[in-house]
Amino acid sequence: CVHSAAKNVSIINSPQANFIATPSFGPPPLQVQFTNTSTNATSYLWQFNDPNSSSSTSVSPSFTFSELGSYEVGLTAFNAQGCSTLFSRLIEVVI
């Protein structure tokens, strides 16, 4: 006796987090415009890793770094199914 079954499976592309930071270095206060270039994502979490642990859920925020230092800014991109990826870039606040 032979039985067969069929099932449709949806393949969903994973989100790919990415962004451009302009400028990526300079003296304080350094206002940086973050341009989100992520794909296959529906929501975002930015972490600026400043002394106040600032974050944002905007698509493409701007942020001002007021103290000298190196800041690893992270963007987590999520899709509607809850999958996520993280991309980070270093921002240098220097004199």
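Structure: see above.
This section reports on the structure supplied with the text. Since we're looking at a predicted model, the values are computed, not measured.

Rules used throughout
- Just so you know, the residues in each chain are numbered from 1, in the order the chain's sequence is written.
- Totals for whole chains, interfaces and linings use every residue, but because this is a predicted model, local features are given only for residues with pLDDT of at least 70 and side-chain atom pairs only at 80 or more, for both listing and counting.
- Excluding hydrogens and water, the side-chain values take into account all heavy atoms of the structure.
- The numbering of helices and of strands both runs from the N terminus, where a helix is a DSSP run of H or I of at least 4 residues and a strand a run of E of at least 2.
- Only protein chains enter the accessibility calculation, which uses a 1.4 Å probe; a residue is then buried when its area is under 20% of its type maximum, exposed when over 50%, and partly exposed in between.
- By definition in these notes, contact holds between two residues if any of their heavy atoms fall within 4.5 Å.
- Accessibility throughout is a Shrake-Rupley quantity obtained with a 1.4 Å probe, and a residue counts as covered only by protein chains that appear here.
- The pairing criterion is simple: DSSP has to find at least two bridges between the two strands.

Looking only at helices and strands, the chain has 0 helices and 8 strands in total. Starting at the N terminus and walking to the C terminus, you meet the elements of the chain as β-β-β-β-β-β-β-β. Each principal axis of the C-alpha distribution contributes one length, and for the chain these read about 80 × 20 × 20 Å. Within the chain, buried positions represent 29% of all 95 residues. The long-range fraction of contacts in the chain, counting pairs at least 24 apart against all pairs at least 6 apart in sequence, stands at 56%. By element, 51% of the accessible surface of the chain is carried by carbon and sulfur atoms, the whole surface being about 6,200 Å².

Where strand S2 (residues 25–26) lies against strand S8 (residues 84–93), 2 bridges are found, and the strand directions are parallel. Residue pairing for S8: Gly 26 is matched across the bridge by Val 93. The turn linking strand S7 (residues 69–78) back onto S8 is made up of 5 residues, and Gly 82 within it adopts a positive phi angle of 90°.

This next bit is on the sheet that holds S2. What the 5 strands build is an open sheet, ordered S2-S8-S7-S4-S5; its pairing is mixed. Bordering the open sheet on either side are S2 and strand S5 (55–56), each of which pairs with just one other strand. With 10 bridges connecting them, S7 and S8 associate as antiparallel partners. When the bridges of S8 are listed, Tyr 71 appears paired with Ile 91.

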